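# Understanding the architecture of this molecule
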Amino acid sequence: MDANMMAGLEGLPEEDKAKMSSMIEQLQLRDSLRMYNSLVERCFVDCVDSFTRKTLHKQEETCVMRCAEKFLKHTMRVGMRFAELNQNAPTQD
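Residues numbered from 1 in each chain as written. Predicted model: local features only at pLDDT ≥ 70, side-chain atom pairs only at ≥ 80, totals over all residues. Heavy atoms only, no water.

## Observations regarding the state of the cysteines
Note the cut-off: Throughout, a disulfide means two cysteine sulfur atoms within 2.5 Å of one another. Every helix listed is a DSSP run of H or I at least four residues long, and every strand listed is a run of E at least two residues long, numbered separately from the N terminus. Each residue is assigned to one of three classes by its accessible area relative to the maximum for its type, calculated with a 1.4 Å probe on protein chains only: buried under 20%, partly exposed between the two thresholds, exposed over 50%.
Per the counting criterion, the structure on display carries 2 disulfides. Sulfur-sulfur distance for the disulfide between Cys 47 and Cys 63 comes to 2.1 Å. Every disulfide takes its handedness from the sign of the S-S torsion; for Cys 47 and Cys 63 that torsion is -65 degrees, giving left-handed. One end of the pair, Cys 47, is in helix 2 (residues 14-47); the other, Cys 63, is in helix 3 (residues 58-88), with 16 residues separating them in the sequence. Given the relative accessible area of 28%, Cys 63 is considered partly exposed.

## Let's talk about the packing of aromatic side chains
Cut-off, in case you're wondering: Only Phe, Tyr and Trp rings are paired, with Trp represented by its six-membered ring, and only when their centres lie within 6.5 Å; those with planes under 30 degrees apart are stacked, over 60 edge-to-face, the remainder tilted.
A complete count under the given rule lists 1 aromatic pair for this structure. Look at Phe 44 and Phe 51: their rings are 6.0 Å apart centre to centre, the planes differ by 45 degrees, and that puts the pair in the tilted class.

Remember that the coordinates give geometry; whether it matters functionally is a separate question.
Next up, the structure:
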């Protein structure tokens, strides 16, 4: 959990801070798993054409690598843009 999230919990009792931290960590884990599952499903559907072998054909393997790279770059860019927008957003103090 980053420092900004912890700063938002300053006024809470320790028990509530622990509960909130746990809940935030669970949400982050769930989001990470969702992203991973989305990546696997998208790249599998787009790239895997044949089930005649246990391993991927070279073309399929290359497609999966490119697909995963694009997906991760896009996800990182969206995250960076979201952080930029959050920094520029007015705060309610």
